[in-house]
Amino acid sequence: MTAQARTSTGTPALAEGAPPAEPPAAGAPPAETVAEGAPPAETVAEGAPPAEPPVEGALPAEPPVEGARLAETVAWASRILAMAGYEDLTLGHVSAREPGGRTIYIKRKGVALGEVVPEDVIAVDLDGDFDRVPEGMHLETVLHTEVYKRRPDVHSVVHGHPPFATAFGATDAEFRYLTHDSVLFAGGISTYDGVPDLIVNARQGADVAQALGIGTALLLRNHGVLVAERDVQWAVLASVLLERAVRMQAIAGTLGPLHPIPQELIPGIHAMKYQADFPGEYWDAWVRELRRSGRAFGMPGER
Ligand SMILES: [Zn+2]
């Protein structure tokens, strides 16, 4: 734990010997894993809506195969997050990058999380000039680019404004380890206490990345959350569980005095509950739920 990655709570950082949040364990599913049975991202049925015109400053519209897979994964991630409370107008965004890559794939502005299709995911060069955000990209793209520049272990970033975690970040309340969901954040949750504005230039993005430090989850005061993880499946799981952990804390607080999990038991629960290959199973279940409930419209396999 670095000086920047303090917990929001004053709770001591992760106990010695506790599992670190970020290094990918051997056998972790690759970020590009796509739900079984889904056709390749580039398969577009006749009559499907044409892709958006290329965004000025973005990379060429024809991404390589690996990029197409990441674009589809980012689109599914957006749909899952919409289902999990992250939908907020057309705001909030997910990105991914290949290990070691200098290109990220990020949701464009103008569409809601629940309606993102692979064609809405833009390839962006990490080495670009982000003080002038190209048209078609979210103003807060720097939240992603500045984290990737500083964290080679991070291959997916989520930013959104889910109601419970965003409200929590607008208080001085402490994050408490009350449920298994909270245990995912055994390393602590950081807080960015800088400006409550949108984060729109590289310097502000760098400040946020510094506040995140080596951690997974960051509360942006009076604004929202940022989650950075080893791959898209882990980033989505952490985003969903962050919102749920805070919601559980809000519910628990209405019922009686809080009764947190003893600190010394947290590492063991973390090791058992958050094994490297578990997020793939949850991801597949979310994709099935999206398809079943009609919320996978426009996605591969649904056209
Ligand atoms: Zn925001």
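Structural data are supplied above this passage.
Since the model is a prediction, treat every value here as computed from it, not as a measurement. (Residues numbered from 1 in each chain as written. Predicted model: local features only at pLDDT ≥ 70, side-chain atom pairs only at ≥ 80, totals over all residues. Heavy atoms only, no water.)

## A look at helix α2 (residues 142-150)
- For α2, a buried count of seven out of nine residues is recorded, marking the element as mostly surrounded by other parts of the structure.
- The complete set of buried residues in α2 reads Val142, Leu143, His144, Thr145, Glu146, Val147 and Tyr148.
- Among the structural elements, β1 (93-97), β2 (103-107), β4 (156-160), α5 (202-212), β6 (217-220) and β7 (224-229) are those in contact with the buried residues of α2. (Buried < 20%, exposed > 50% of the residue type's maximum accessible area, 1.4 Å probe, protein only. Helix = DSSP H or I, 4+ residues; strand = E, 2+ residues; numbered from the N terminus. Contact = heavy atoms within 4.5 Å.)

## Thoughts on the packing of helix α1 (residues 65-86) against helix α8 (residues 278-292)
- For the pair α1 and α8, interaxial distance at closest approach is 10 Å and the crossing angle is 75°. Here α1 is positioned roughly perpendicular relative to α8, judged by the angle of their axes. Contact with α1, carried on its side by Thr73, Trp76, Ala77, Arg79, Ile80 and Met83, involves Trp283, Trp286, Val287, Glu289, Leu290 and Arg291 of α8 and no other residues of that element. (Axes fitted to C-alpha atoms, helices over the stretch in contact; angles between N-to-C directions. Parallel < 35°, antiparallel > 145°, perpendicular 65-115°, else oblique.)

## Observations regarding the pattern of salt bridges
- For the structure on display, the rule yields 12 salt bridges.
- Across the pair Asp207 and Arg203 runs a salt bridge whose closest N-O atoms are separated by 3.5 Å. You can see Asp207 and its partner Arg203 sitting in helix α5, four residues apart, about one turn around the helix.
- The partly exposed category is assigned to Asp207, whose relative accessible area is 30%.
- Arg203 gets classed as exposed once you look at its relative accessible area, which sits at 54%. (Salt bridge = Lys/Arg side-chain N within 4 Å of Asp/Glu carboxyl O.)

## Overview of unusual backbone geometry
- In the Ramachandran plot, Leu89 falls in the positive-phi region, its phi being about 50° despite a non-glycine side chain.
- For Asn222, which is not glycine, the phi dihedral falls at a positive 60°.
- One can find Asn222 in the loop between β6 and β7.

## As for the environment of Thr145
- On the secondary structure map, Thr145 appears in helix α2.
- In this structure Thr145 comes out as buried when scored by relative accessible area, which is 0%.
- In this structure the C-alpha to C-alpha distance between Thr145 and Gly128, which are 17 residues apart in sequence, comes to 9.3 Å.
- Leave out the neighbours within four places in its chain, and Thr145 touches Ile104, Leu126 and Phe130.

## Considering the packing of aromatic side chains
- Counted according to the given criterion, the structure contains three aromatic pairs.
- On the basis of an interplanar angle of 75° and a centroid distance of 6.4 Å, the ring pair of Phe168 and Phe175 is categorised as edge-to-face. Residue Phe168 shares its accessibility class with Phe175, and that shared class is buried.
- Positioned above the aromatic ring of Phe297 is the side chain of Arg79, whose terminal nitrogen or guanidinium carbon lies 4.5 Å from the ring centre.
- Sitting above the plane of the Trp234 ring, Arg230 keeps its charged end 3.8 Å from the centroid. (Phe/Tyr/Trp six-rings, centres within 6.5 Å; stacked < 30°, edge-to-face > 60°. Lys NZ or Arg CZ within 6 Å of the ring centre and 35° of its normal.)

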